[in-house]
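What the coordinates show
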Amino acid sequence: MKLFSKPKKALLTAATLMLTAAASHGATPKYIFYYIGDGMGIAEATNAQLFNKEVLGNEDPLLMTTFPVVTMITTHSASSDVTDSAAAGTALATGYKTRNGMLGMDADTVAVTSVARILADNGYGVGLVTTVAIDDATPAAFYTHVPNRGMFYEIGRDLAQSGYQFAAGASLRGTRDRDGKDNGLMDLFKQNNVAVSYGLDGIDKTAKKQLVLSPFHNSMSNEVGLAVDSLENALTLTGMTQACLDHLMRTNPGKFFMMVEGGSIDHNGHSNDGGASVRETINFNNALQIAYDFYRKHPNETLILVTADHETGGMSVGCRATGYSAHPEVARAQKISKDKFNEYCRDLVNSGNIPTWDEMQTFLAENLGFGTAVKLSDSELNDLRDTYATAFVSKHPSRFVDKAISLLNSKSGFGWTTNDHTGHPVPLYVIGAGADQFTGFNDNTDLPKKILKLTGKTPKGK
């Protein structure tokens, strides 16, 4: 298999490359797309590339990997070689390092200004889109200044008062006080003339400022729904990205800045769910097509950057069980995420409706392909059955879920080293006006500084 062989359609044509080269030198981007795959390291991108080709049958490589500038960025924070999303988001948004857990402030707790804020103050429209909560660390770094990423009321207040034209994500988590009472946060959006909808169908197309939250915001506060779970009526990253672009073209067609986060890649890294991870990375790449189609119409005025805040899980391509090979096609049969599988098993325990082993085997066959697409040895099957028995009797079904997903990972070649972040450098893919300014090895703090330099705007000091 030639994973990086020349594609039939998606690789940039010679004419497009010439346009890209012309656009790269001395150009001032009017339209800036900043895509951030939360937790997306090189292994996540490579496994998604393999899955895209071998399982989905796409000869064309992932769009982001075809961009003319392909390099790496370092991700350490001011307090650790292994960053969290708050410190990494702050670096990507403001150009300043900070300590883990802090947003929009430097390591000395002094507020620093994001590239989105500076551009907004200079007439750019701003849109923020994410598959997780809109007050989560990465999107929040573009509009808030708090010493603790868990200050959800203050973060939500800052969003309401930001003046940004569009924001979309799973939920806002600061709408209740400690006693569970409404604290008036949503009223602030109304006072600041921000129209709020729960789903894309309810968007007010006459409003100048729009907030879109998930229809499931109460039950799924930090997830719009994972791609592998195919949740009906869920927000999608592609849908939110298109809605954001449509809104900015209506309200600020002359120039705008968009941040688009694939936040769920990180969630699957934390849970070590390889099959869900590759699908979420492909989902992120699919949303990139919207920006690329726009770029092709405006090649001399558009800049697209695709990167990550950090890597999550220490993912590998191939593992001890697969040796010198990887088998992403094994994960084809997975129809449920590890998170949803855990939820399903917890509900069974709480209801007292414990399935028999035969019933559980049927579930595993239908949702993970065990016994059909995924072949288990007698010893593996017996070990899984023993884990099932002890986990459900002890009312800790997550142990059984861990075992089942670990088996699927090992058969697929998805290795993991941690349930947390790692300090690996992460990829950077760039195309468009000023793309040549991002060649070479960068630190995450370099990206917003270079964006502002290209637009002729001056970073604000502390």
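No experiment lies behind these values; they were computed from the predicted model shown.

**Here's the deal with the packing of aromatic side chains**
The full count for this structure, using the stated rule, is 18 aromatic pairs. Between Tyr 31 and Phe 294, the ring centres sit 4.9 Å apart and the planes meet at 80°, which makes this aromatic pair edge-to-face. With a gap of 263 residues between them, Tyr 31 in strand E1 (residues 31–37) and Phe 294 in helix H10 (residues 274–297) connect regions that are remote in the sequence. Between Tyr 388 and Phe 400, the aromatic rings sit 5.8 Å apart at their centres with planes inclined by 70°, giving edge-to-face as the arrangement. Residue Tyr 388 is found in helix H13 (residues 378–393), and its partner Phe 400 is found in helix H14 (residues 398–412); the two are separated by 12 residues along the sequence. This pair shows no difference in class: Tyr 388 is buried, exactly as Phe 400 is. Members of the aromatic cluster, joined through ring pairs, are Phe 341, Tyr 344, Trp 357, Phe 363, Tyr 388, Phe 392 and Phe 400.

**Focus: the pairing of strand E2 (residues 69–74)**
Residues in a regular strand point their side chains to alternate faces of the sheet. On E2, burial follows the alternation: Val 69, Thr 71 and Ile 73 on one face are buried, whereas Val 70, Met 72 and Thr 74 on the facing-out side are not. Of the strand pairs in this sheet, E2 and strand E13 (residues 426–432) are connected by 5 bridges, and their pairing is antiparallel. Its bridge partner lying in E13, Ile 73 is registered against Val 426. As defined by bridge partners, E2 adjoins strand E14 (residues 442–443) across 2 bridges and the pair is classed as parallel. By the bridge assignment for E14, Ile 73 is matched with Asn 442.

**Observations regarding the sheet that holds E14**
Here 10 strands make up an open sheet; going across it, the order is E5-E6-E4-E3-E7-E1-E8-E13-E2-E14 and the pairing mixed. Either end of the sheet is taken by a strand with one partner, and the two such strands are strand E5 (194–198) and E14. Relative to strand E4 (residues 166–169), strand E3 (residues 125–130) runs parallel, the two being bridged by 3 bridges. Counterpart to Gly 127 in the pairing with E4 is Phe 166.

**Notes on the side chain of Thr 302**
On the secondary structure map, Thr 302 appears in strand E8 (residues 302–307). Within the structure, the side chain of Thr 302 is placed 2.8 Å from the backbone oxygen of His 298, a separation counted as a polar contact. Excluding residues within four positions of it along the chain, Thr 302 makes contact with Tyr 31, Phe 33, Phe 294, Tyr 295, Ile 431, Gly 432 and Ala 433.

**Describing the side chain of Thr 445**
Tracing the backbone through its elements, the reader meets Thr 445 in the loop between E14 and helix H15 (446–455). Assessed through its relative accessible area of 7%, Thr 445 is described here as buried. Apart from the residues within four sequence positions on either side, Thr 445 is in contact with Ala 91, Gly 95, Tyr 96 and Lys 97.

**Regarding the pairing of strand E7 (residues 256–262)**
Counting buried positions along E7 yields 7 of 7 residues, so the element is predominantly enclosed. Residue alternation in E7 divides its side chains into two sets, Phe 256, Met 258, Val 260 and Gly 262 and Phe 257, Met 259 and Glu 261, and both sets are buried. Pairing of E1 with E7 involves 7 bridges; the strand directions are parallel. For Gly 37, the partnering residue across the bridge sits in E7 and is Gly 262. Where E3 meets E7, 6 bridges bridge the pair, whose relative direction is parallel. From the neighbouring strand, Val 126 faces E7, where its bridge partner is Phe 257.

**Notes on the confidence of the model for the protein**
Interpreting fine coordinate detail is not advised for predicted regions of low pLDDT. Scored by pLDDT, the protein comes out at a mean of 94, with 94% of its residues at no less than 70. Every residue in residues 1–11 is under pLDDT 50, and counting partners more than four places away or in other chains gives 18 contacts.

**Section: the environment of Val 132**
Mapped onto the fold, Val 132 is located in the loop between E3 and helix H5 (137–140). By relative accessible area, Val 132 is classed as buried at 1%. Val 132 sits 132 residues away from Ser 264 along the chain, and the two C-alpha atoms are 6.6 Å apart. Every residue in contact with Val 132, bar those within four places of it in the chain, is listed here: Gly 169, Ala 170, Asn 222, Glu 223, Glu 261, Gly 263, Ser 264 and His 267.

**Looking at the environment of Ala 140**
Considering the arrangement of structural elements, one finds Ala 140 in helix H5. On a C-alpha basis, the gap between Ala 140 and Thr 302 in space is 24 Å, while along the polypeptide they are 162 residues apart. Aside from chain neighbours lying at most four places away, what touches Ala 140 is Leu 103, Ile 134, Asp 135 and Ile 155.

**Details of the nonpolar core**
The nonpolar side chains of a soluble globular protein tend to be buried with one another. Phe 33, Tyr 35, Phe 142, Phe 257, Ile 304 and Phe 438 are the most contacted members of the largest nonpolar core, which totals 98 residues. Here the element with the most residues in this core is H10; it accounts for 10 residues. Setting aside its immediate chain neighbours within four residues, Phe 257 contacts Ile 32, Tyr 34, Val 115, Ala 116, Leu 119, Tyr 124, Gly 125, Val 126, Gly 127, Phe 142 and Leu 248. Formed by 23 residues, the second largest nonpolar core is a distinct cluster that contains Phe 341, Trp 357, Phe 392 and Ala 404.

**Observations regarding a negative patch on the surface**
A surface patch of like charges, here negative, comprises Asp 177, Asp 179, Asp 182 and Asp 187. Within the secondary structure, Asp 177 is located in the loop between E4 and helix H7 (185–191). What makes Asp 177 partly exposed here is its relative accessible area of 33%.

**Here we look at H14**
Compared with an ideal rise of 1.5 Å per residue, which puts 15 residues at 21 Å, H14 spans 21 Å between its outermost C-alpha atoms and is within 8% of the ideal. Those residues of H14 that fall on the buried side of the exposure criterion are Phe 400, Val 401, Ala 404, Ile 405, Leu 407, Leu 408, Asn 409 and Ser 412. If you follow the buried residues of H14, they end up packed against H10, helix H11 (338–351), helix H12 (357–368), H13 and strand E11 (414–415). One or two steps after H14, the chain reaches Gly 413, where phi turns positive at roughly 90°.

The rules behind the values
- Residues numbered from 1 in each chain as written.
- Predicted model: local features only at pLDDT ≥ 70, side-chain atom pairs only at ≥ 80, totals over all residues.
- Heavy atoms only, no water.
- Phe/Tyr/Trp six-rings, centres within 6.5 Å; stacked < 30°, edge-to-face > 60°.
- Helix = DSSP H or I, 4+ residues; strand = E, 2+ residues; numbered from the N terminus.
- Buried < 20%, exposed > 50% of the residue type's maximum accessible area, 1.4 Å probe, protein only.
- Pairing = 2+ DSSP bridges.
- Polar contact = N/O pair within 3.5 Å; in protein donor to acceptor, adjacent residues only side chain to side chain.
- Contact = heavy atoms within 4.5 Å.
- pLDDT = per-residue confidence, 0-100.
- Core = buried A, V, L, I, M, F, W, Y, C linked by side-chain atoms within 4.5 Å.
- Patch = residues over 30% accessible without salt bridge, like charges linked within 9 Å, V, L, I, M, F, W, Y side chains within 5 Å.
- Areas by Shrake-Rupley, 256 points an atom, 1.4 Å probe, with all protein chains shown as cover.
- Salt bridge = Lys/Arg side-chain N within 4 Å of Asp/Glu carboxyl O.
- Lys, Arg positive; Asp, Glu negative; His and termini not counted.
- Charge placed at Lys NZ, Arg CZ, Asp CG, Glu CD.
- Expected span 1.5 Å × (residues − 1).

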